[in-house]
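Summary of the model geometry
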Amino acid sequence: MNIHQAEELLQRYQTGNCTSSENDLMDSWYQQLFETGECQWSDGEKEMIQKMLEARILKQINEKPNKIKSPVSLFQRYNWWAAASVILMLGIFSYLFINKTTEKTQIAKVQTNDIKGVQSNRAMITLANGQKVFLDSVGNGVLAIQGNVKLVKLANGEISYEQSEGEGSESMEYNTLSNPRGSKIINITLADGSKVWLNAGSALTYPVSFIGNERNVSINGEAYFEVEHDASKPFTVLNGTKKIQVLGTHFNVNAFEDDDQDLTVTLLEGSVKVNNGNATGLLKPGQQAKVNKEVKIMNDVDLNAVVAWKNGYFQFDHASLQNVLKQVSRCYDVNVIYKGKNRPREFVGEIQRDLSLSEVLKILERNKVHFKIEGKELIVLPD
């Protein structure tokens, strides 16, 4: 129904010249808007309508009482407020039509500057010979053969190193899995059966095949590990001079360079030992270690919040604005720019990582902070 048809219908309704089916349609619309509250408009819009109706009705009653006319049947069915409301429905309908059209235009304009939620994986593997394998542009199946190890992309998008029996390489060869900012989480099964989930903006370097009595990998960024137990070959995660030593366990490592240079290790299952070259700490399940110049162990950690990224969520537990936007910048590959000062504030709750950037910002704005998107820049406006 276009605006002209709506105007004609409202005029016929006001003068009592509608057909029975048109009356039913208008009555249904009226009930939906003012009685059940189940219309498609928000509470704010309905409140705006009511205030406008009240003001205009009172004005008409005071200034032109003789011009308020409605069929008797209308007064019988509704009270004077409802009858007077119907007289003004045409004006309100026209206002909402124009207002909503303008709103849609504005939304469309904003969306041109929007950034969609993460929809693809843009991870890359650099092989020992320097060859680069871009995972988003290759099909499923064997991607490379290195000695007696096959690099395979599975149907679900996971990456797996499958080691066959026989003689392997005598020298240690390394691959690096890089997952850029703005990419989906990638998970990989190493040659020993250990599984690793790699967050956006992160890189993992690991042996194609684990030779000798050690299993050493290096991490920059964030990863979640489920290490295959092998008492004869301890598993060690390296980040510069910092080490995490395990036999078989589930833990999360956050080693982003922009997170105050702290290595954060959170243990979910098993046991790990962390070492910074000067100090050592032993973690139990549910504990977290902050590793920098010293090793600081904390208890009663919110494990769900720590691994929320792996499960497709941002989860904040009294997080600062800066901490929240660091996570957002990695997920959506944007640079955060602060214009002016913002008062300290904390964020609690969770947000899906597959929402568009504007949808995420709309949720964050409930905490009285405002943003603007300009290309690849997320601008934080001053308070």
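The following refers to the structure shown. These numbers were taken from a predicted model, which means no experiment stands behind them. In this convention, every chain numbers its residues from 1, walking through the sequence in written order. Per-residue local features are limited, in this predicted model, to residues with pLDDT of at least 70; the limit for side-chain atom pairs, both in listing and counting, is 80 or more; totals at the level of whole chains, interfaces and linings are taken over all residues. As a rule here, side-chain values cover all heavy atoms of the structure and leave hydrogens and water aside.

Quick look at unusual backbone geometry
Glycine aside, residues mostly have negative phi, and peptide bonds are mostly found in the trans state. Even without glycine at this site, Asp300 takes up a positive phi of about 55°. Secondary-structure assignment places Asp300 in the loop between strand S18 (295–298) and helix H7 (303–306). For helices the rule is a DSSP run of H or I covering at least 4 residues; for strands it is a run of E covering at least 2, with both sets numbered from the N terminus onward.

So, the packing of helix H8 (residues 321–332) against helix H9 (residues 357–364)
Where helices are involved, their axes are fitted lines through C-alpha atoms of the stretch in contact, as for all axes, and angles between N-to-C directions lie from 0 to 180°. Where H8 contacts H9, the axes come no closer than 12 Å and their chain directions differ by 170°. Comparing their axes, H9 and H8 come out roughly antiparallel. Between H8 and H9, the residues in contact are Val324, Leu325, Val328 and Tyr332 and Leu357, Val360 and Leu364, respectively. Roughly parallel means an angle under 35 degrees; roughly antiparallel, over 145; roughly perpendicular, 65 to 115; everything else is oblique. In what follows, residue pairs with any heavy atoms lying within 4.5 Å of each other are defined as contacts.

Some remarks on the environment of Leu238
Assignment of secondary structure puts Leu238 in strand S11 (residues 235–239). Per-residue accessibility, obtained with a 1.4 Å probe over protein chains only, is compared with the maximum for each type, and a residue is labelled buried under 20%, exposed over 50%, and partly exposed between these values. The class for Leu238 is partly exposed, based on a relative accessible area of 22%. Measuring from C-alpha to C-alpha, the distance between Leu238 and Ala255 comes to 10.0 Å, with 17 residues separating the pair along the chain. The residues touching Leu238, leaving out its near neighbours within four places in the chain, are Asn216, Val217, Ser218, Ile219 and Lys243.

What about H8?
The end-to-end C-alpha distance of H8, which contains 12 residues, comes to 16 Å, matching closely the 16 Å that a straight helix rising 1.5 Å per residue would cover. By the burial criterion, the buried members of H8 are Leu321, Val324, Leu325, Val328, Ser329, Arg330, Cys331 and Tyr332. Positive backbone phi, at 55°, marks Asp333, one or two positions downstream of H8. Each residue after the first adds 1.5 Å to the expected span of a helix.

Some details on the pairing of strand S9 (residues 202–207)
Paired strands are those between which DSSP finds at least two bridges. In terms of strand pairing, strand S6 (residues 174–179) meets S9 through 6 bridges, oriented antiparallel. By the bridge assignment, Ser178 is partnered in S9 with Ala203. Sheet topology note: the S9/strand S10 (residues 215–226) ladder contains 3 bridges and is antiparallel. Following the sheet pairing, Leu204 is matched in S10 by Ile219.

A few points about the nonpolar core
Working definition of a nonpolar core: buried Ala, Val, Leu, Ile, Met, Phe, Trp, Tyr and Cys residues. They are joined through side-chain atoms within 4.5 Å. Ile125, Tyr161, Phe225, Ile244 and Phe251 are the most contacted members of the largest nonpolar core, which has 43 residues in total. Counting residues per element, this core draws most heavily on S10, at 4 residues. For Phe251, the residues in contact, after removing those within four places along its chain, are Ala223, Tyr224, Phe225, Val227, Val237, Ile244, Val246, Val265, Thr266, Leu267, Leu268 and Val272. Grouped together as the second largest cluster of nonpolar side chains are 24 residues, Ile115, Val324, Leu364 and Phe371 included.

A short note on H9
Along H9, the residues that are buried comprise Leu357, Val360, Leu361 and Leu364. The buried residues of H9 occupy one face: seen down the axis, they fall within an arc of 100°. In this structure, the buried side of H9 is in contact with strand S19 (313–320), H8, strand S21 (346–352), strand S22 (371–374) and strand S23 (377–380). Think of the arc as the fan of directions from the helix axis to the C-beta atoms.

A word on a nonpolar patch on the surface
A cluster of nonpolar side chains, contributed by Met172, Tyr174 and Ile211, occupies part of the molecular surface with about 240 Å² of accessible area. When you line up the elements, Tyr174 lands in strand S6. Patch definition: residues with relative accessible area over 30% and no salt bridge; like charges joined within 9 Å; nonpolar side chains (Val, Leu, Ile, Met, Phe, Trp, Tyr) joined within 5 Å. In this description, accessible areas are obtained by the Shrake-Rupley approach with a 1.4 Å probe, and a residue is regarded as covered only by the protein chains that are shown. Throughout this description, the term salt bridge denotes a Lys or Arg side-chain nitrogen within 4 Å of a carboxyl oxygen of Asp or Glu.

Considerations on the packing of aromatic side chains
Two rings from Phe, Tyr or Trp (for Trp, the six-membered ring) form a pair when their centres are within 6.5 Å of each other. A pair whose planes differ by under 30 degrees is stacked, one over 60 is edge-to-face, and the rest are tilted. Scanning the entire structure with this criterion turns up 7 aromatic pairs. Aromatic pair Phe210 and Phe235: ring centres 6.4 Å apart, planes at 50°, arrangement tilted. You can see Phe210 sitting in the loop between S9 and S10 and its partner Phe235 sitting in strand S11, a full 25 residues away along the chain. An identical accessibility class is assigned to Phe210 and Phe235; each is buried. A centroid spacing of 6.1 Å and a plane angle of 65° characterise the contact between Phe225 and Phe235, whose relative ring orientation is edge-to-face. Of the two residues, Phe225 sits in strand S10 while Phe235 sits in strand S11, which places them 10 residues apart along the sequence. Like Phe225, the residue Phe235 is buried in the burial classification.

Overview of the sheet that holds S22
The 3 strands are arranged S20-S23-S22 in an open sheet whose pairing can be described as mixed. With partners counted over all chains shown, the strands left at the sheet margins are strand S20 (335–338) and S22, one partner each. Across the sheet, the mean angle separating the axes of adjacent strands is 25° when strand polarity is ignored. Relative to S23, S22 runs antiparallel, the two being bridged by 4 bridges. Counterpart to Glu374 in the pairing with S23 is Glu377. Contacting S22 and S23, H9 runs over the sheet at an angle of about 165° to S22.

Section: the environment of Tyr161
Inspection of the secondary structure assignment puts Tyr161 in strand S5 (residues 159–163). Contact partners of Tyr161, with chain neighbours within four places excluded, come to Ile125, Gln146, Val149, Lys150, Leu151, Asn175, Ile188, Thr189, Leu190, Ala191, Tyr206 and Val208.

Quick word on the pairing of strand S15 (residues 272–275)
The alternating pattern of S15 places Val272 and Val274 on a buried face and Lys273 and Asn275 on a face that is not buried. When strand S12 (residues 242–246) meets S15, the two strands line up antiparallel, connected through 4 bridges. Paired with Val246 across the two strands is Val272, which belongs to S15. Direction of pairing for S15 relative to strand S16 (residues 280–283): antiparallel, over a ladder of 4 bridges. The residue of S16 that forms the bridge with Lys273 is Leu282. Linking two consecutive strands that pair antiparallel, namely S15 and S16, is a turn of 4 residues; a positive phi of about 95° is found at Gly277 within it.

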